[in-house]
Amino acid sequence: MGKMKILYGTGNQAKLSDMKKRLSSLSEKIECIGLQDLGMETPNVCENGRTPLENARKKAEAYYKAFQIPVFSCDTGLYFDNVPDEIQPGVHVRRVHGKHLTDQEMLVYYAGLASQYGGLRARYRNAVCFVLDAQHRYEAMTDSMQSREFLLTDKPHRDGILEQGYPLDCLSVDVRTGKYFNDLSDTEWMRDVDGMLEFFREVLTITENSL
């Protein structure tokens, strides 16, 4: 079985770069490309799922239907400890009171929320759906795919720079190291067990044994 070209269903170049790093140990088996690499019109997917997994599934299936190549999509939800349900972002991290927020508007809103609650304990819950072909779909949303617990603060990182694709990193402090996400090295950022990498290792084992 030769190297498999896999489409990562995102137009966010920062997320594509991050995923390539996470899957670098599999680079002899897979080549990960993004939507912009196709140079084709991308379908608009309505991400109205209730969970990250539902949205990941909607995107992966839509992109497979459009491009007919192996494709995976991810989705993320932000969850805080001890806040009312109506404030819980979940899958609607950018949409607040029916409005789609810009990066700067996200910074202002979430800094205000952190100030109101004296800081917020938080996690990102992540999900992935991989459509290999019309008959094979693999998906997961496991605890090992969650981010480590972090603190969302009302005090932005000293340089105030919003990282493209990850605007809340300048408000997010890693509990383990005490560092802002902006200052974390790749080694410090990675979990002890990377659920996304494990997912693709398992999928590749299955496909190699069955195809």
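We now turn to the structure provided with this report. (Residues numbered from 1 in each chain as written. Predicted model: local features only at pLDDT ≥ 70, side-chain atom pairs only at ≥ 80, totals over all residues. Heavy atoms only, no water.)

**Let's talk about the overall build of the chain**
Reasoning step 1: Along its length, the chain carries six helices and nine strands.
Reasoning step 2: For the chain, the C-alpha radius of gyration of 18 Å lies close to 17 Å, the compact-globule estimate for 211 residues.
Reasoning step 3: Seen through its C-alpha atoms, the chain measures out along the principal axes to roughly 55 × 35 × 30 Å.
Reasoning step 4: When burial is assessed residue by residue, the chain has 43% of its 211 residues classed as buried.
Reasoning step 5: Look at the contacts in the chain between residues 6 or more apart in sequence, and 65% of them connect residues 24 or more apart.
Reasoning step 6: Accessible surface for the chain amounts to roughly 11400 Å². Of this, 47% is attributable to carbon and sulfur atoms.
Reasoning step 7: Looking at charge distribution, the chain has the averaged site of its 26 positive side-chain charges lying 1 Å from that of its 31 negative ones. (Helix = DSSP H or I, 4+ residues; strand = E, 2+ residues; numbered from the N terminus. Rg over C-alpha atoms; globule rule 2.2 N^0.38 Å. Buried < 20%, exposed > 50% of the residue type's maximum accessible area, 1.4 Å probe, protein only. Contact = heavy atoms within 4.5 Å. Areas by Shrake-Rupley, 256 points an atom, 1.4 Å probe, with all protein chains shown as cover. Lys, Arg positive; Asp, Glu negative; His and termini not counted. Charge placed at Lys NZ, Arg CZ, Asp CG, Glu CD.)

**A word on the pattern of salt bridges**
Reasoning step 1: Tallied over the entire structure, the rule returns 15 salt bridges.
Reasoning step 2: Between E61 and R137 there is a salt bridge whose closest N-O contact spans 2.2 Å. Taken together, the residues span a long stretch of sequence, with E61 in helix 3 (residues 52-67) and R137 in strand 7 (residues 136-140) at a distance of 76 residues.
Reasoning step 3: Of the charged contacts in the structure, one is a salt bridge between R137 and E139, with a shortest N-O distance of 3.4 Å.
Reasoning step 4: One network of salt bridges, in which partners are shared, links R57, E61, R137 and E139. (Salt bridge = Lys/Arg side-chain N within 4 Å of Asp/Glu carboxyl O.)

**With respect to the packing of aromatic side chains**
The description of an aromatic ring pair rests on the distance of the ring centres and on the angle between the ring planes.
Reasoning step 1: With the rule as written, the count across this model stands at nine aromatic pairs.
Reasoning step 2: One aromatic cluster in this structure is built from Y8, F72, F130, Y138, F199 and F200. (Phe/Tyr/Trp six-rings, centres within 6.5 Å; stacked < 30°, edge-to-face > 60°.)

**Overview of helix 4 (residues 103-117)**
Reasoning step 1: Look at helix 4: 21 Å from first C-alpha to last across 15 residues, which is about the 21 Å you get at 1.5 Å a residue.
Reasoning step 2: Among the residues making up helix 4, those that are buried are M106, L107, Y110, A111, L113 and A114. Buried residues in helix 4, looked at end-on, bunch into an arc of 160°, giving them a common side. Residues of helix 4 that are exposed and point over 90 degrees away from its buried face: V108 and Q116.
Reasoning step 3: Contacts from the buried residues of helix 4 go to strand 3 (71-80), strand 6 (120-133) and strand 8 (150-152).
Reasoning step 4: One or two steps after helix 4, the chain reaches G118, where phi turns positive at roughly 70°. (Expected span 1.5 Å × (residues − 1). Arc of directions from axis to C-beta.)

**Notes on the side chain of D75**
Reasoning step 1: The topology assignment puts D75 in strand 3.
Reasoning step 2: Relative accessible area serves as the criterion here: at 9%, D75 is assigned to the buried category.
Reasoning step 3: Polar side-chain contacts of D75 include one of 3.4 Å to the side chain of N55.
Reasoning step 4: If sequence neighbours within four positions are ignored, D75 has contacts with E47, P52, N55, A56, K59, V91, R125, N126 and A127. (Polar contact = N/O pair within 3.5 Å; in protein donor to acceptor, adjacent residues only side chain to side chain.)

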